[in-house]
Amino acid sequence: MKVLILSCNTGGGHNSCAKAIGTELLKRGHTYETDDALLYVSKGTSRFVSSWHVRFYRYFPKLYNKGYQYAEEHPASFDESSAACRILRRGCKRLRATILAGSYDAVVCVHLFPALMLTFIQQDSPLRIKTMFIATDYTASPSCDRMRLDTCVIPDIALTDTFVKNGVNPDAIAPLGIPVRAELYACQPNQEAKRAVGLDPSHRHLLMMTGSMGCGPMEELTQLLANSLPTEYDVTVACSSNRQLLRRMERKFEDRPNIHVCGYIGNVSAMMDSADLFLTKPGGISTTEAMVKGLPMVLVNVVGGCETPNLEFFVAHGGAATADTPEAIAALCKQLLEHDEERLIMRQSLLAMHKIPASQAICDRLEA
């Protein structure tokens, strides 16, 4: 089987999801290719959407949230006559030609933009291929009612009604989960993992990651944690692609031996295994990774939008906690680090939620 996986460069989560599916396909003897769907519109469109998404996410989160709310409240924003759909339609001819030339058996979309483009193609001049959309947040995104693909993979069966109410065909819904990288399913014991990442195994460890773009009040939170936590509590802060933040944080906390500032984390699996608590924004991929690991979360609602339902989902299921201000977030982290019983309950709640790896279930579906 030959599969085309279509993503968009709007944050690292979608591409991470695509890679997880691709890795499983290769294990099964299939082949795949991944592409940025917006490149079929134009390189300029792809660059524009990617760069402005990062800017809004990192520097104007309130404006990003307002835009998402507007799209939710105005479904006509994604009518076929809308500007957004007219732009996406420009790439459909080239995308269709690529699918035919590549002799693909299936096309999997890990972002709503390519799912809409593929819907337009199948409506206008259908191809004899399997089509699939994978939702990477714990909610039905605006315009998912326009999508008409064979399968709509959702993160959890509890969200079925949400997707149906938002216009998704119930017969297409498959609650298979969100794919995350395969290595996360291999877990090290906590103290062994601490040694592996260079930490004292007797220390408590807080891991802070706020997405591939390094957004949110990371500097303020780190300062509050540095002021309130004892030195035998380690804090690892991943600034990811935010180089300015990384340089600033390295200078600011260079004299704090228990504050470890880095850019990207190489071995994320070992780092998560070494953590006793995970402080993060509620992105769909990062929360799913923590669920797989059974790693209790404190969630910071940095940008709102589709991440608010993610936060609500994990708080409601007992795997995460949150607070409204950086001061309250820091206090909550300290409280949870001090109380093993509370974290154990959260861990058990998370481990009870996930079943077989989503990438395996998705490939099973493609092979059926």
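Data block above holds the structure.
Overview of the structure. (Residues numbered from 1 in each chain as written. Predicted model: local features only at pLDDT ≥ 70, side-chain atom pairs only at ≥ 80, totals over all residues. Heavy atoms only, no water.)

On a plain count of helices and strands, the protein chain comes out with 16 helices and 12 strands. Of all 368 residues assigned to the protein chain, the portion counted as buried reaches 53%. For the protein chain, the share of sequence-separated contacts (at least 6 apart) that also reach a separation of at least 24 residues comes to 69%. Element-wise, carbon and sulfur atoms account for 52% of the exposed surface of the protein chain, whose accessible area totals about 16,100 Å². (Helix = DSSP H or I, 4+ residues; strand = E, 2+ residues; numbered from the N terminus. Buried < 20%, exposed > 50% of the residue type's maximum accessible area, 1.4 Å probe, protein only. Contact = heavy atoms within 4.5 Å. Areas by Shrake-Rupley, 256 points an atom, 1.4 Å probe, with all protein chains shown as cover.)

The next point concerns the sheet that holds strand 12 (residues 320–322). With parallel pairing, 6 strands are arranged side by side in an open sheet as 9-8-7-10-11-12. Taken across any chain shown, the strands that pair with only one partner, and hence form the sheet edges, are strand 9 (259–262) and strand 12. In this sheet, neighbouring strand axes are inclined to one another by 20 degrees on average, regardless of whether the strands run parallel or antiparallel. Here 6 bridges tie strand 7 (residues 204–209) to strand 8 (residues 233–238), and the two strands are oriented parallel to one another. Bridge assignment links arginine 204 to a residue of strand 8, and that residue is tyrosine 233. (Pairing = 2+ DSSP bridges. Axes fitted to C-alpha atoms, helices over the stretch in contact; angles between N-to-C directions.)

Next up on the list: the packing of aromatic side chains. For the structure on display, the rule yields 3 aromatic pairs. Ring geometry for tyrosine 138 versus phenylalanine 314: centroids 5.0 Å apart, planes at 75 degrees, classification edge-to-face. Here tyrosine 138, found in the loop between strand 4 (130–134) and strand 5 (151–153), pairs with phenylalanine 314, found in helix 13 (residues 307–316); they are 176 residues apart in sequence, far enough to count as distant. Residue phenylalanine 314 is classed as buried on the basis of its relative accessible area, which comes to 0%. Measuring from ring centre to ring centre gives 5.3 Å for phenylalanine 313 and phenylalanine 314, while their planes differ by 80 degrees; the resulting arrangement is edge-to-face. Here the aromatic residues Tyr138, Phe313 and Phe314 are joined through ring pairs into a cluster of three or more. (Phe/Tyr/Trp six-rings, centres within 6.5 Å; stacked < 30°, edge-to-face > 60°.)

Time to look at the packing of helix 9 (residues 218–228) against helix 10 (residues 243–252). Axis separation between helix 9 and helix 10 bottoms out at 11 Å; the angle between their running directions is 20 degrees. The orientation of helix 9 relative to helix 10 falls into the category roughly parallel. Helix 9 and helix 10 meet at a crossing whose hand is right-handed. Residues Met218, Glu219, Thr222 and Gln223 of helix 9 touch helix 10, and the partners they reach there are Leu245, Arg248, Met249 and Lys252. Of the residues in the contact of helix 9 with helix 10, the class split is 3 nonpolar, 2 polar and 3 charged. (Parallel < 35°, antiparallel > 145°, perpendicular 65-115°, else oblique. Left-handed = near helix turned anticlockwise from the far one by under 90°. Nonpolar A, V, L, I, M, F, W, Y, C, P; charged D, E, K, R; others polar.)

By secondary structure assignment, the location of threonine 287 is in helix 12 (residues 284–293). Other than its neighbours up to four places away in sequence, threonine 287 contacts Tyr138, Pro282, Met297, Leu299 and Phe314.

Their axes nearest at 7 Å, the elements helix 12 and helix 15 (residues 340–351) cross at an angle of 100 degrees. With respect to each other, helix 12 and helix 15 are oriented roughly perpendicular. On helix 15, the residues touching Ala290, Met291, Val292 and Lys293 of helix 12 are Arg347, Leu350 and Leu351. Among the residues making up the contact of helix 12 with helix 15, the classes are represented as 5 nonpolar, no polar and 2 charged.

Time to look at unusual backbone geometry. In this structure, serine 103 is a non-glycine residue whose phi angle is positive, near 50 degrees. Position of serine 103 relative to the elements: it lies in the loop between helix 5 (92–102) and strand 3 (106–109). Positive phi outside glycine occurs at serine 143, with the angle close to 80 degrees. Inspection of the secondary structure puts serine 143 in the loop between strand 4 and strand 5.

Next up on the list: the state of the cysteines. Inspection of every chain in the model, using the stated rule, returns 0 disulfides. A disulfide-free cysteine, cysteine 239 has its sulfur positioned 7.0 Å from the sulfur of cysteine 262, the nearest such atom. (Disulfide = S-S within 2.5 Å.)

With 5 of 6 residues buried, strand 7 is to be regarded as a mostly interior element. Inspection of the sheet shows strand 7 paired to strand 10 (residues 277–280) by 4 bridges, in the parallel sense. By the bridge assignment, leucine 207 is partnered in strand 10 with phenylalanine 278.

Attention shifts here to the sheet that holds strand 5. Pairing in this open sheet of 6 strands is parallel, and the strands run 2-1-3-4-5-6 from one edge to the other. Each end of this open sheet is capped by a strand with a single partner; those strands are strand 2 (31–36) and strand 6 (173–174). Relative to strand 3, strand 1 (residues 2–7) runs parallel, the two sharing 4 bridges. Along strand 3, the bridge assignment pairs valine 3 with alanine 106. Across the sheet, helix 1 (residues 12–27) lies against strand 1, strand 2, strand 3 and strand 4, angled at about 170 degrees from strand 1, the strand it touches most.

Nothing here speaks to function; it is all geometry.
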